[in-house]
Amino acid sequence: MMDFTSVSLVFVIASTLLVVRILYVISQSSKPARNASQKSLSTLVVLGSGGHTAEMINLLSVLQKDRFAPRFYIAAATDNMSLQKARVFEDALDDKINLKGADSIQFMQIYRSREVGQSYITSVGTTLYALAHALWLMVKIRPQVILCNGPGTCIPICAIAFVFKVLGIRWSHIFYVESIARVKRLSLSGLLLYKLRMADQLFVQWPSLQKQYPRAHYVGRLM
């Protein structure tokens, strides 16, 4: 049997390697993507209720549709409007016939970690359930690109994507676009992704916001 010293040594080595790997992932995530290939990139789009979805649809309208395909849309299970708006958007695309296969566009739902007004005690169980559901979706989709712009439903997905990077399972580029409504402070979702350095690129729509968060990129108003 291994004595206490051997176990401690193994633990220290494993912890050191994990920290080194995390630092490597963070350093590489902050760099622009070097992939010059013209192949399409499977893209996961996280939608939020209200203005979040309107802003995301507006952003998607200027992207190269054949470049970011297939596309997978995810919204909260209690959000009945966002996926409907995404379907209308996809139906209106002139180039939708160029996407190959019946699975080029998919619409999915994910459980929320916490509903509005839900107690923090009961939210522990729903958060664990939401994480498990997000893990199942990430294993199923395995996206190369993740686009999100504020809804809390993006946090479990981005967290799992980051863990996948660290473990070498899948490298998903996470792009977060802060809502235009955020002028002076990041939203909670944006702040978590910024502080924990989980997002590859974080974009803001106001110069004052970029000054407060220097690692963010100012892109002007998207609406």
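Note that this is a predicted model, so its numbers are computed, not measured.

S.K.: Lay out the packing of aromatic side chains with the relevant residues and their values.
M.R.: For the structure shown, the criterion picks out three aromatic pairs. Taking 5.4 Å as the distance between ring centres and 15° as the angle between the ring planes, the aromatic pair formed by Y73 and F107 counts as stacked. Of this pair, Y73 sits in strand 2 (residues 71-76) while F107 is found in strand 3 (residues 105-110), placing the two residues 34 residues apart along the sequence. A relative accessible area of 0% places Y73 in the buried class. Each ring, one from Y111 and one from Y129, has its centre 5.0 Å from the other, and the planes form 65°; the classification is edge-to-face. Residue Y111 is found in the loop between strand 3 and helix 4 (120-141), and its partner Y129 is found in helix 4; the two are separated by 18 residues along the sequence. Above the plane of the ring of F107 lies R87, whose end atom (NZ or CZ) is 4.6 Å from the centre. One residue, R215, lies across the ring of Y194, its end atom 3.9 Å from the ring centre.

S.K.: Lay out the nonpolar core in plain terms, naming residues and giving numbers.
M.R.: By size, the foremost hydrophobic cluster in this structure holds 35 residues, and its most contacted members are L44, I74, M138, I146 and I157. By residue number, the principal contributor to this core is helix 5 (residues 154-167), which donates nine residues. Core analysis: the second largest hydrophobic core is formed by 17 residues, L47, M56, L59 and L83 among them.

S.K.: Got a sec to walk through the packing of helix 2 (residues 51-60) against helix 3 (residues 82-92)? Specific residues and values, please.
M.R.: With their axes 10 Å apart at the nearest point, helix 2 and helix 3 run at an angle of 20° to one another. Classified by the interaxial angle, the pair formed by helix 2 and helix 3 is roughly parallel. In this structure, helix 2 crosses over helix 3, and the sense of that crossing is right-handed. Together, T53, I57 and L60 of helix 2 and S82, K85, A86 and F89 of helix 3 make up the contact between the two elements. Along the lines of polarity and charge, the residues of the contact of helix 2 with helix 3 split into four nonpolar, two polar and one charged.

Conventions we followed
Residues numbered from 1 in each chain as written. Predicted model: local features only at pLDDT ≥ 70, side-chain atom pairs only at ≥ 80, totals over all residues. Heavy atoms only, no water. Phe/Tyr/Trp six-rings, centres within 6.5 Å; stacked < 30°, edge-to-face > 60°. Helix = DSSP H or I, 4+ residues; strand = E, 2+ residues; numbered from the N terminus. Buried < 20%, exposed > 50% of the residue type's maximum accessible area, 1.4 Å probe, protein only. Lys NZ or Arg CZ within 6 Å of the ring centre and 35° of its normal. Core = buried A, V, L, I, M, F, W, Y, C linked by side-chain atoms within 4.5 Å. Axes fitted to C-alpha atoms, helices over the stretch in contact; angles between N-to-C directions. Parallel < 35°, antiparallel > 145°, perpendicular 65-115°, else oblique. Left-handed = near helix turned anticlockwise from the far one by under 90°. Contact = heavy atoms within 4.5 Å. Nonpolar A, V, L, I, M, F, W, Y, C, P; charged D, E, K, R; others polar.

So, to be careful, I would describe these as geometric facts and stop short of saying anything about function.
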